[in-house]
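Architecture at a glance
One letter stands for each residue in the lines below.
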Amino acid sequence: MSTRSLITCDGNTAAASVAHRTSEVIAIYPITPSSTMGELADEWSAKGRKNIWGGVPQVVEMQSEGGAAGCVHGALQAGAMTTTFTASQGLLLMIPNMYKIAGELTPFVMHVAARTLATHALSIFGDHSDVMACRQTGFAMLAASSVQEAHDFALVSQSATLGSRIPFLHFFDGFRTSHEVTKIEELTDDDIRSMVPDALVDRHRAHGLTPDHPVLRGTAQNPDTFFQASEASNPAYLACPAVVKDSFERFAALTGRTYLPFDYSGHPEAERLIVVMGSGAETARETVAFLTARGEKVGVVTVRLYRPFSIPDFMAALPRTTRTIAVLDRSKEPGAPGEPMYLDVITALYEAEGTPAWTLESRPRVVAGRYGLSSKEFTPAMVKSVFDELAKEKPRLHFTIGIVDDVTHLSLPLTDELEIEPEDRVRAVFYGLGSDGTVSANKNSISIIGEGTDLFAQGYFVYDSKKSGASTVSHLRFGPQPIRAAWLVTKASFVGCHQFNLLEQYDVLATAAPGAVFLLNSAYGPDDVWDRLPFEVQEGIAEKQLRFHVIDAYKVARDVGLGGRINTIMQTCFFALANVLPPEDAIRRIKDAIKKSYGKRGEALLQKNFAAVDLALENMHSVPMRTASTSRHRAPSVPIAAPEFVQRVTSVMLAGKGDLLPVSAFPVDGTWPVGTAKWEKRNIATEIPVWDADLCVQCNKCAMVCPHAAIRAKLYEPDHLDGAPDTFKSTNFRGTDWKGWKYTIQVAAEDCTGCMLCRMVCPAKDKANPRHKALDMLPQPPLVEAERENYSFFLDLPEMDRTAMKLNDVKSTQFLQPLFEYSGACSGCGETPYIKLVTQLFGDRALIANATGC
């Protein structure tokens, strides 16, 4: 048996590693957050990585999730070992084929990063809505609650499907597990071969359709036979839990990691129990361990095998002392008497009367809770609140946790934060922007520590749904003991802010523990930075006695030729300040990671990154502690002129405090007011376009290509310039149709993302200096105040009468007001300019519908 190694990876990688090695055909179609699994499988096959039988899996990207499911069905019927990866609406599009695959008792494992379904709104984040919509398909369902389990259960499900002939849906929580990075023990090819015996693979292949022994499969049946035929598969489902248990036992013998269909942990004589599955079980188990150490008789049952639901195995997991049970579902089924797992538990207790020594009258009281929809946080404090409710003489029969429900009043009150993490664990939080390298640097840090030391490491990354260019918050933990904390860091010993303007938008010091280190990327040096901070930041530093350091990482990056990539610079500063590793050792490991990441891109890039590492510490400075003194406070999220809904709801969301909004704040059907995006001033561009009116050829291509409608053209009569700001630019219009009128190109400095598409498409060059165009990118901070005033004046200029315009070219369309503006699209998006153009061509007569995603 080959030696297993410890690797640092995320849940998607952990599952895909096993799936690729146990497949011959992989049909994929990308959907967040499962896309990484398909992308990795494609990459590995392209590089010739082989499966355990010595072949390279054939990866096929289809035109839709339905197509991927059809491809899977066909490959399975040919006898191929086949898999796919999906989530959310993608999974639902596979349901018709899932019914067929299950009805034909075909061994197969699909891997799902469980995600919210679009209902009143789209959400790309995680819960169990999608997998719960598949529980009636006939698939067995195996739930992993950690990255290690996602790796292990990918193999266990493959073993069990071959043994039982029941197809398996192996799932884990989208983002919380799929994107969490941590240290796990990697399964070897020998491990996989031991769990996937050739005899069962041969049986699957022999069942495939072939001209050598033709059969008919997929008949049509009439009422006289369909019912009976559907019951013929019952023995396979009755036997499935035993097959899964056997697979768990063989897996334990191989690895030492033991699992059961229902795993109990907690006090041996627990009276109050939580039943839960997925990553929420990690939080519940850690909290139960903390509470039982303090004498509380509580416990948690982790559901592994959800379908087929084995009543004997569930009952065997319950302590005989159990008095009350809270079943926590991470999904919502409107109109049902309860959520799915709650109803299953009720049924199990009713049908299992008399075991273990319970009568119908003495069986535990069962209540139902909803939690964690759309990746809503589930914390130890929430677990404690559930147990507190169970301790009452009459606990609520149905409740929610983690929100404030002031409409139907189902929510449990939240207790104070419960700090259960050990003191020897380093916790760090980093604030950055999507695509600025912050997340990549933190993933490298986790790998450096996780794979290069005996320490355990964990990283989780909170992404805004706007993705590229939106805020990211990285939560890192390091320590000598395994880390099973499936919740965000709330008391950080290190806080890094990689973008200065985030101080104006978010309370970045809220997670800082007293005495923590605060590292800020700032264009202002140690002597000037204090006076540039908002009062709230100064106050937070002083009250918590933070050790404050600054570095101008962008200057270092420019000096060494890295442009705007500051990730290695900030990473070096983190290691120097956090004391996770000796500084010399850390720098050596950072450079090794750089070689691994950029080695194929040339020696010049390597040397630039090495120089950035070497210069980082020289340019980092400590800032002396002072008292809060400035009169400048953090600006409100939206101006006081904003509409009431924006003031009451949108502003709270923009401040990063949407979790505090109660149920009553929201429309009942998801209908939202229009025009709210204009109140969100993301202010993320480090450089913005500056217009040279003399050089401009007035083609309007810049306005046409802008993904966010953040640069615009207007045509207006000269008298409208009365009262214009001193810095407002205009020039005479060159066309003949509107002779004597004025023309302006204006940028919205706080809405621009700095993607540079406008400059790239600009055809007007200075012949004397070809690098100078009619649009040049210049640093945003010195320009933002003047351009804010200019843009406000620009918007007040009259819009063109669309009935007077000849919409026969790009130029003329861009004089019409865009009705999709400041979208949440990624910087440089190629899709939104078309949507924006539709609104300019058809105005408010257009009806636009979208399905999901971009």
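The following paragraphs examine the structure supplied in this document. Here the structure is a predicted model, which is why all the values come from computation and not from measurement.

**Remarks on the overall build of the protein**
On a plain count of helices and strands, the protein comes out with 28 helices and 29 strands. Taken over the C-alpha trace, the protein has a radius of gyration of 30 Å; the compact-globule value for 854 residues is 29 Å, and the two agree within 12%. Its C-alpha atoms put the protein at 90 × 65 × 60 Å along the principal axes. Counting over 854 residues, the protein shows a buried share of 54%. Within the protein, counting contacts between residues at least 6 apart in sequence, those at least 24 apart form 77% of the total. Total accessible area on the protein stands at roughly 36,700 Å², and carbon and sulfur atoms take up 54% of it.

**Topic: the pairing of strand E18 (residues 471-479)**
Each regular strand displays side chains that alternate between the two surfaces of the sheet. The buried fraction of E18 is high, at 9 of 9 residues. The two faces of E18 match: Ser471, Val473, His475, Arg477 and Gly479 on one face and Thr472, Ser474, Leu476 and Phe478 on the other face are all buried. Note: strand E16 (residues 426-433) against E18, 8 bridges, orientation antiparallel. Residue pairing in the sheet places Gly432 in a bridge with Thr472 of E18. Bridging between strand E17 (residues 456-463) and E18 involves 8 bridges; their strand directions are antiparallel. Counterpart to Gln458 in the pairing with E18 is Arg477.

**Things to note about the nonpolar core**
Ranked by internal contacts, the top residues of the largest apolar core, which has 47 residues, are Met98, Met110, Leu169, Phe171, Val275 and Phe314. The greatest single-element share of this core, amounting to 5 residues, is contributed by helix H14 (residues 340-351). Not counting residues within four places of it along the chain, the set of residues in contact with Met98 comprises Leu91, Met110, Cys134, Thr137, Phe139 and Leu169.

**Quick notes on the sheet that holds strand E24 (residues 711-716)**
Pairing is antiparallel in the open sheet, where 3 strands are placed in the order E24-E26-E25. Of all the strands in the sheet, just E24 and strand E25 (731-732) have a single pairing partner and so form its edges. Bridge analysis of E24 against strand E26 (residues 742-747) gives 6 bridges, and the strand direction is antiparallel. Directly across from Lys714, in E26, lies its bridge partner Thr744.

**Some words on the sheet that holds strand E14 (residues 365-370)**
Pairing is mixed across the open sheet formed by 6 strands, whose spatial order is E9-E11-E10-E13-E14-E15. The sheet terminates laterally at strand E9 (262-266) and strand E15 (398-400), the two strands that pair on one side only. Direction aside, neighbouring strands of the sheet carry axes that sit 25° apart on average. Pairing analysis gives 6 bridges linking strand E13 (residues 324-329) to E14, with the strands arranged parallel. Within E14, the position partnered with Val327 by the bridge is Ala368. In this fold H14 packs onto strand E10 (272-276), strand E11 (298-303), E13, E14 and E15, with an angle of close to 145° to the strand it touches most, E13. Packed onto the sheet, helix H15 (residues 380-390) meets E10, E11, E13, E14 and E15 and runs at close to 130° relative to E10.

**Structural notes on the side chain of Thr832**
Take Thr832: it is sitting in helix H28 (residues 832-842). Sequence-distant contacts of Thr832, that is, excluding residues within four places in its chain, are made with Pro707, Ser823 and Ala825.

About the thresholds
- Residues numbered from 1 in each chain as written.
- Predicted model: local features only at pLDDT ≥ 70, side-chain atom pairs only at ≥ 80, totals over all residues.
- Heavy atoms only, no water.
- Helix = DSSP H or I, 4+ residues; strand = E, 2+ residues; numbered from the N terminus.
- Rg over C-alpha atoms; globule rule 2.2 N^0.38 Å.
- Buried < 20%, exposed > 50% of the residue type's maximum accessible area, 1.4 Å probe, protein only.
- Contact = heavy atoms within 4.5 Å.
- Areas by Shrake-Rupley, 256 points an atom, 1.4 Å probe, with all protein chains shown as cover.
- Pairing = 2+ DSSP bridges.
- Core = buried A, V, L, I, M, F, W, Y, C linked by side-chain atoms within 4.5 Å.
- Axes fitted to C-alpha atoms, helices over the stretch in contact; angles between N-to-C directions.

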